[in-house]
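Breakdown of the fold
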Amino acid sequence: MSDENAAVAQVDRLPTAPSYAGAWSRLEPALSPWLLDAVRDMGFEQMTPVQASTIPLFMQHKDVVVEVSHFGGFFCGGGSELS
């Protein structure tokens, strides 16, 4: 196996790290208690960076546009997040 192929094979084996921005309780302004409970009941323990940066703006009645990264022909974050 050439050095280039070995490097590609090594990259293919690297684990994908999830990207988290902290607990839901860290949002400012804070989520109402019932909404925080509902989010946790759905299994969401941590916010994504997009959620952490946009939800406070939504709560201030601001419009938000989010740019999505494009990797290898696939879009990341297809709208399935709570943001």
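Observations regarding the overall build of the protein
Each helix and strand counted, the protein has three helices and two strands in total. Going residue by residue from the N terminus, the α and β elements of the protein occur as α-α-α-β-β. Burial statistics for the protein: of 83 residues in total, 13% are counted as buried. Here the protein has roughly 6,600 Å² of accessible surface; of this, 57% comes from carbon and sulfur atoms.

Some words on the confidence of the model for the protein
Looking at the protein as a whole, its pLDDT mean stands at 74, while 59% of the residues score no less than 70. Mean pLDDT in the protein bottoms out at strand E2 (residues 74-75), which sits at 50, and peaks at helix H2 (residues 33-41), which reaches 92.

Considerations on unusual backbone geometry
Pro 29 follows Glu 28 through a cis peptide bond whose omega is 0°. Take Pro 29: it is sitting in the loop between helix H1 (3-12) and H2.

Examining helix H3 (residues 49-59)
Think of an α-helix as 3.6 residues a turn; residues three or four steps apart then line up on the same face. Within H3 the residues assigned to the buried category are Gln 51, Thr 54, Ile 55 and Pro 56. Where H3 ends, the next residue or the one after it, His 61, has phi of about 60°, a positive value.

Let's talk about the environment of Val 64
Turning to its location among the elements, Val 64 is positioned in the loop between H3 and strand E1 (70-71). Overall, the relative accessible area of 25% leaves Val 64 in the partly exposed class. Separated by 10 residues in sequence, Val 64 and Thr 54 place their C-alpha atoms 6.8 Å apart. Once residues lying within four places of it in the same chain are set aside, the contact partners of Val 64 are Thr 54, Leu 57 and Phe 58.

Examining the environment of Ala 23
Relative to the elements of secondary structure, Ala 23 occurs in the loop between H1 and H2. On the basis of relative accessible area, Ala 23 is assigned to the partly exposed category, the value being 24%. Ignoring sequence-local partners within four residues, the contact set of Ala 23 consists of Glu 45, Gln 46 and Met 47.

Considerations on the environment of Glu 45
Its place among the elements puts Glu 45 in the loop between H2 and H3. Residues Glu 45 and Trp 24, 21 residues apart in the sequence, show an inter-C-alpha distance of 6.9 Å. In contact with Glu 45, not counting residues within four places along its chain, are Ala 23, Trp 24 and Arg 40.

Definitions and limits used
Residues numbered from 1 in each chain as written. Predicted model: local features only at pLDDT ≥ 70, side-chain atom pairs only at ≥ 80, totals over all residues. Heavy atoms only, no water. Helix = DSSP H or I, 4+ residues; strand = E, 2+ residues; numbered from the N terminus. Buried < 20%, exposed > 50% of the residue type's maximum accessible area, 1.4 Å probe, protein only. Areas by Shrake-Rupley, 256 points an atom, 1.4 Å probe, with all protein chains shown as cover. pLDDT = per-residue confidence, 0-100. Contact = heavy atoms within 4.5 Å.

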